[in-house]
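Each chain is listed here by its residues.
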Amino acid sequence: MFKGKLSIMFSCFLACLLLMGVAAAEPVEEPHIISVDGYGEVIAIPDRANVSITILSSAKKAKEAQQENAAIASAVKSALMELGISEKDMKTSNYFFRPVYRQEKNKPDKIIAYSATSSLDVVVNDITKTGQVIDRALSNGANKIDSVTFDLKEPEKYRKEALRAAVLDAETKTQVIANGLGVSIRGIRYVKENAGRVTGRENVMMTKMASGSLLDANAGVETPIEVGDIEVNASVHVEYIID
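## A look at helix α3 (residues 130–139)
Then comes step 1: Counting buried residues in α3 gives 7 out of 10 residues, a clear majority hidden from the surface.
Then comes step 2: Turning to α3, its buried residues are Thr130, Gly131, Val133, Ile134, Asp135, Ala137 and Leu138.
Then comes step 3: Remark: Gly141 follows α3 within two positions and exhibits a positive phi of approximately 110°.

## Considerations on unusual backbone geometry
Then comes step 1: For Asn106, which is not glycine, the phi dihedral falls at a positive 65°.
Then comes step 2: Turning to its location among the elements, Asn106 is positioned in the loop between β3 (90–102) and β4 (110–124).
Then comes step 3: Since its relative accessible area comes to 75%, Asn106 is described here as exposed.

## Things to note about the packing of helix α2 (residues 62–82) against α3
Then comes step 1: For the pair α2 and α3, the least separation of the axes is 9 Å and the interaxial angle reads 150°. Viewed along their axes, α2 and α3 adopt a mutual orientation that is roughly antiparallel. Like other packed secondary-structure pairs, α2 and α3 cross with a definite hand, here right-handed. Seen from α2, the contacting residues are Val76, Ala79, Leu80 and Glu82; seen from α3, they are Val133, Arg136 and Ala137.
Then comes step 2: Taken together, the residues of the contact of α2 with α3 break down into 5 nonpolar, no polar and 2 charged.

## Observations regarding the sheet that holds strand β9 (residues 230–242)
Then comes step 1: With respect to topology, 3 strands assemble into an open sheet ordered β1-β9-β6, the strand pairing being antiparallel. In this open sheet, the two strands that pair with only one neighbour each are β1 (32–44) and β6 (185–200). Pairwise comparison of adjacent strand axes, ignoring direction, gives a mean angle of 15° for this sheet.
Then comes step 2: With 13 bridges joining them, β1 and β9 adopt antiparallel strand pairing. The residue bridging Gly38 from the neighbouring strand is Val236, located in β9.
Then comes step 3: Contacting β1, β6 and β9, helix α4 (residues 155–181) crosses the sheet at an angle of about 145° to β1.

## A short note on the pattern of salt bridges
Then comes step 1: Applying the stated rule across the entire model yields 11 salt bridges.
Then comes step 2: Put simply, Asp146 and Lys144 hold a salt bridge, and the shortest N to O gap is 3.3 Å.
Then comes step 3: Exposure remark for Asp146: the relative accessible area of 35% places this residue in the partly exposed category.
Then comes step 4: Residue Lys173 is joined to Asp169 by a salt bridge in which the shortest nitrogen-to-oxygen separation is 3.3 Å. Here Lys173 pairs with Asp169, and both are found in helix α4, just 4 residues apart, close to one helical turn.
Then comes step 5: Each of the salt bridges in this network shares a partner with another, and the network as a whole consists of Glu30, Arg189 and Glu239.

Thresholds applied
- Residues numbered from 1 in each chain as written.
- Predicted model: local features only at pLDDT ≥ 70, side-chain atom pairs only at ≥ 80, totals over all residues.
- Heavy atoms only, no water.
- Buried < 20%, exposed > 50% of the residue type's maximum accessible area, 1.4 Å probe, protein only.
- Helix = DSSP H or I, 4+ residues; strand = E, 2+ residues; numbered from the N terminus.
- Axes fitted to C-alpha atoms, helices over the stretch in contact; angles between N-to-C directions.
- Parallel < 35°, antiparallel > 145°, perpendicular 65-115°, else oblique.
- Left-handed = near helix turned anticlockwise from the far one by under 90°.
- Contact = heavy atoms within 4.5 Å.
- Nonpolar A, V, L, I, M, F, W, Y, C, P; charged D, E, K, R; others polar.
- Pairing = 2+ DSSP bridges.
- Salt bridge = Lys/Arg side-chain N within 4 Å of Asp/Glu carboxyl O.

This is the structure we're talking about:
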């Protein structure tokens, strides 16, 4: 009797394996999809400037070159703080100190001076003061304005707007395709957000011309700055399930 029960259990086990095999062998039908990319773009007005200032000094003695550079940097910072620029929004980004050599034929190079160069990066949260920052820096001993760039204090707000526009673009494209094919949209299978970009559409222009120099701190006229728009864009890839 025990052998009979064992035989029945074994037969049931084989039947279960057979049913599982049949189920596994049944093909799974992939859903029909429409795959699209959506793009969104928002144009924003910059509300913050970044000014890079260079201070170059030289002297016959190393200590004199270093001290002169430090004194000018301190004067520039003080002048900018008088404009309302916070000390935390000014930082030294580069500092170079090197000897200056004179080369003569058939003679070893000779040190004739020392040069100190420092770069000060300034964040201007009141964008209307950008020209004043440039003028104050130059009139207090800075030698060069390396760059003036503009950005947004809250870029994420504009990224979200661009992303919403990208999603709407994807939905619109899909609806047009579905209508053209005579099918209906049943759901969403897959969504991927692609990294967006924040880029200036125009270069900043510093237009003061005086005494043959692009930027003359003694011209008595504030440096005019023309600010271009900033383009913030986003994109999404979406796969819609259709019937």
